[in-house]
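Overview (structure and organization)
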Amino acid sequence: MRSQRARRLAGCTALAVSAGMLLASPASADSPTPRPTAEKPAQTFTAPSQRAVPQTEGARAGVAGVTAERPPSRSDLDGDGQSDIIMRIGGELHTATTNSEGAEFYRNDGDTSFIKDVIPIGDQDLNGSGPEVLTLSKFGLLSLYGDSTPSYGDFRWSGPGWQVYNKVFSPGDISGDGRADVLARTPAGELWVYVSTGTPNAPFHAPKLVGKGWHVYDQLIGLGDSDGDGLGDFLARTPSGVLFYYGSTGSPYSVKARKEVGRGWQQYNQIIGVDDDNANGIPDVLARGVDGTLYEYFGTGSGYYTSRRQVGSAGGWAGVDQFSGTGNIPAHGKEGMVARTKGGTLFWYNSLNNGRLAARAQISDDNGWYGATLFEVNSLGRDGVSDTLEIYNGHLYGNEVDFGGGWGAIDQIAGPGDLNGDGTGDFVARDRDGVLWLYRSNYDGTALHARVRVGSGWNAYDRIVGSGDLTSDGLNDLVARAKDGTLYLYQGTGQAGYPFKSRVKIGGGWNAYAKIVAPGDITGDGRADLLAVNSGGELFRYTGNGEAGWVFKPRASIGTGYQIYNGLY
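Here we summarise the structure given alongside this text. The model shown is predicted, which means the values in this text are computed figures rather than measured ones. (Residues numbered from 1 in each chain as written. Predicted model: local features only at pLDDT ≥ 70, side-chain atom pairs only at ≥ 80, totals over all residues. Heavy atoms only, no water.)

A tally of regular secondary structure across the protein chain gives zero helices and 46 strands. Taken over 569 residues, the protein chain has a buried fraction of 62%. The contacts of the protein chain with a sequence gap of at least 6 include a subset with a gap of at least 24, amounting to 49%. Surface accessibility of the protein chain: about 19,700 Å² in total, with carbon and sulfur atoms responsible for 50%. (Helix = DSSP H or I, 4+ residues; strand = E, 2+ residues; numbered from the N terminus. Buried < 20%, exposed > 50% of the residue type's maximum accessible area, 1.4 Å probe, protein only. Contact = heavy atoms within 4.5 Å. Areas by Shrake-Rupley, 256 points an atom, 1.4 Å probe, with all protein chains shown as cover.)

See below:
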C-alpha cells in the first residue's frame, strides 16, 4: 500500500535529479483486497558540481587583536579549509563542496531511518583527519560520523531521545577546548548545552540548562567565532524576520545579551552558517529565498554582514529539502498532495519547496480508486514518505498492512505526524458519533498501539486536516473547519494523553472552499502550509506564519483547474 512517490523532481544548482518511471499496479473495483498504490523505483542522482566561493576580501575589519587567519571549519569535507554543504534531497544525503564535485554521502552503520537534520561539528578528536558530522533521524536518534569526506562518514556513536528537542545546532566551540559544542532547544523554549568530550563513543557531557524563553525564535543558526574571542556564536530569528546575535561569555552555560543585527530576514526559508567562506577570518551565512535563490552574506564581525550576493542561478536551490547547519526546524513526512479524479485515477503533486506544486504524476491505473474511502497521512514508517490509508470492507489498510477491522464507523482521518513525542507517525480518526481518537504507530508503521480517546464533539466540523507544524514549536498541529465556515487551530502538545491544546480561532469564511488539504511544508521553511480550492477550481496556498495567534500569511493563488478532482488528500 505504500506510495513511493517522487520526492523532489526539481534540481538545484550543483545537483540534477532524474526521476524514474512510475509503475501502475492493476486493480479492479470488485477485488477482494484493497487497491494497491503505485510503486516508484529509487531516484538516481548525478553528482553535484563544485560550490563556487569568492576570493579573499581582506582581514577582519574593526575587530581588535584579530588576524585574518581562517577559524576552524565545522564542515570541511575535502580538506581545503573551507566549509562544504551536506544536503537532504528526498530521503538521501548529498554534498556540495568548494573545489570538487560532491557525491551522495554514504554512512556505514546501516540505519535506514529518514534523516531530518544534519549538524556539522568539525574535527572533534583534533587529529586533522576530517570533520565529525551529526545526523538526526525522525525518531530522535542522534548519530555521529567521523573522518567525513564528500562521500563518506564513518559511524562512531548514536544516542536516542533527541526528539524532545525541536532544534539541534552547533555554534562552534563555546567551552574553549577547541571542539565544537551542541545546543538543543525544547518546544517549551528551554535551551540546553552539550559540551563535547572529544571521545568518539561518548561525545558529549551531560546536558546543562542555558536558559528559558527561546521559543520566540523560529530559526537558530550556529556561526562559529564572529567577534574574534575564539569562541562560537550564533544567530536567532523571530518569525517576523528580526535577526539577533548572541555572543559567547567564556562559559558554555550562558550567553551574552542579544543584539539586533538585521530585519527583513523572514524572506528566507533557510539560513545556513557556513563558517568563513571568503578567508577574512569572520564567519559568513547563506540564506535561501522562498523562490529557491541562494544568497551569501559576508561577516564583518559580531553578527553583522555586508550586502548579499546571489549564489548560482535564480531559483536554482529550491530542490534542496534541508541544508546542513541550517537554522530552521526541519519538516518531513508529507510534502505534496494526492488528487483523485471523478473517475477514480490518482495523481501525486510534489512540492517544489517554493510554495508551488510540480506537474502531476499519475500513481495508479486508470479509474483504479473509484469509490474508495482513502486518506493521506504523514509518514508512518521509516522512509519519511506519506502513506495512503484506505478503509475497505471495515478494515483499515496502509503501508502494506491490514490494521484490522472495526473501521467502518470512521468517517475522517487526519495524519499530522508524531503526536506523542516518540518520533513515530501518528494519526487521528473521528467516528460517526463525533469522538476523535488518537492512533499511534510503531517505528515501522506496521502496527498501531491501543487507541487514545481525544474527546467528543468533533462532529461540529466538516473537515479536519493536518500535516506538520504550523506554529514553529516543532509539535504537529490540526486545523478543523466548522460547518459555519470558521477555521480553528488545535496546537499540538506532544503528549498522547492530551495531544492538543484548546482550540484557537483562525478566521471565518472558509466555507468558500470546496476542498481543504494539508500538504505539509511546501515552502521549504519547515512550517506546515494549507491548500484550499474554491468552487471554480482555483487553488490557493496559505503559508504557515509560525505563530499561533496569526497562523497564515495572506493567501496566494497557485493554480487553476482543480475542479476535475473529487478528492484532495
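Once the structure has been displayed, the description carries forward.
An order of β28-β29-β30-β31 is seen for the four strands of this open sheet, with the pairing classed as antiparallel. Pairing within the sheet leaves two strands with one partner each, and these edge strands are β28 (373–377) and β31 (401–402). Note: strand β30 (residues 395–398) against β31, two bridges, orientation antiparallel. Along β31, the bridge assignment pairs Tyr397 with Asp402. (Pairing = 2+ DSSP bridges.)

Now for unusual backbone geometry. For Asn393, which is not glycine, the phi torsion reads 55° and is therefore positive. Unlike most non-glycine residues, Asn399 shows phi in positive territory, near 55°. Tracing the chain through its elements places Asn399 in the loop between β30 and β31. Residue Asn399 is classed as buried on the basis of its relative accessible area of 2%.

Okay, the environment of Pro330 next. Note on placement: Pro330 falls in the loop between β24 (322–323) and β25 (336–341). On the basis of relative accessibility, which here comes to 9%, the residue Pro330 falls in the buried class. Considering only alpha carbons, one finds Pro330 and Val118, 212 residues apart in sequence, at a separation of 9.9 Å. Residues in contact with Pro330, not counting those within four places in the same chain, are Arg88, Lys116, Asp117, Lys167 and Gln322.

Glancing now at the packing of aromatic side chains. Under the criterion given, the structure shown has 38 aromatic pairs. Between Trp265 and Tyr297 the ring centres are 4.6 Å apart and the planes differ by 35°, which places this aromatic pair in the tilted class. In this pair, Trp265 sits in the loop between β17 (259–262) and β18 (268–273) while Tyr297 sits in strand β20 (residues 294–297), placing the two residues 32 residues apart along the sequence. Residues Trp265 and Tyr297 agree in their burial class; the two are buried. A ring pair is formed by Tyr349 and Tyr562, whose centres lie 5.5 Å apart and whose planes are at 45°; its orientation type is tilted. With Tyr349 in strand β26 (residues 346–350) and Tyr562 in the loop between β45 (556–559) and β46 (565–568), this pair connects stretches of sequence that are 213 residues apart. Per residue, the accessibility class of Tyr349 equals that of Tyr562, and both read buried. Members of the aromatic cluster, each reached through a chain of ring pairs, are Phe169, Trp214, Tyr217, Phe234, Phe244 and Tyr246. Across the ring face of Phe347, the terminal group of Arg360 is positioned such that the distance to the ring centre comes to 3.7 Å. Directly above the aromatic system of Tyr488 lies the positively charged group of Arg503, at a separation of 3.8 Å from the ring centroid. (Phe/Tyr/Trp six-rings, centres within 6.5 Å; stacked < 30°, edge-to-face > 60°. Lys NZ or Arg CZ within 6 Å of the ring centre and 35° of its normal.)

This next bit is on the environment of Phe552. Relative to the elements of secondary structure, Phe552 occurs in strand β44 (residues 550–552). In this structure Phe552 comes out as buried when scored by relative accessible area, which is 8%. Residues Phe552 and Ala528 lie 24 residues apart in sequence; the distance between their C-alpha atoms is 9.8 Å. In this view, Phe552 contacts Leu470, Leu487, Ile506, Leu530, Tyr542, Thr543, Gly544 and Asn545; residues no more than four positions away in its chain are not counted.

This brings us to the side chain of Ser83. Summarising the element assignment, Ser83 is placed in the loop between β2 (44–45) and β3 (85–89). Relative accessible area serves as the criterion here: at 1%, Ser83 is assigned to the buried category. Within the structure, Ser83 has its side chain in polar contact with the backbone oxygen of Val274 (distance 3.2 Å). (Polar contact = N/O pair within 3.5 Å; in protein donor to acceptor, adjacent residues only side chain to side chain.)

Attention now goes to the pattern of salt bridges. Inspection of the entire model under this criterion finds 15 salt bridges. Across the salt bridge formed by Arg156 and Glu132, the nearest N and O atoms sit 3.7 Å from each other. Placement of the pair is Arg156 in strand β9 (residues 152–159) and Glu132 in strand β7 (residues 132–137), with a sequence separation of 24 residues. With a relative accessible area of 2%, Glu132 lands in the buried category. A salt bridge links Asp218 to Arg237; the nearest nitrogen and oxygen atoms lie 2.8 Å apart. (Salt bridge = Lys/Arg side-chain N within 4 Å of Asp/Glu carboxyl O.)

Below, the discussion takes up the sheet that holds β20. In space, the four strands of this open sheet follow the order β18-β19-β20-β23, with antiparallel pairing throughout. Where the open sheet ends on each side, the last strands, each with one partner, are β18 and β23 (309–311). In this sheet, adjacent strand axes meet at a mean angle of 30° when their direction is disregarded. Across three bridges, the pairing between β20 and β23 is antiparallel. In the sheet register, Glu296 faces β23, and the bridge partner there is Arg309. (Axes fitted to C-alpha atoms, helices over the stretch in contact; angles between N-to-C directions.)

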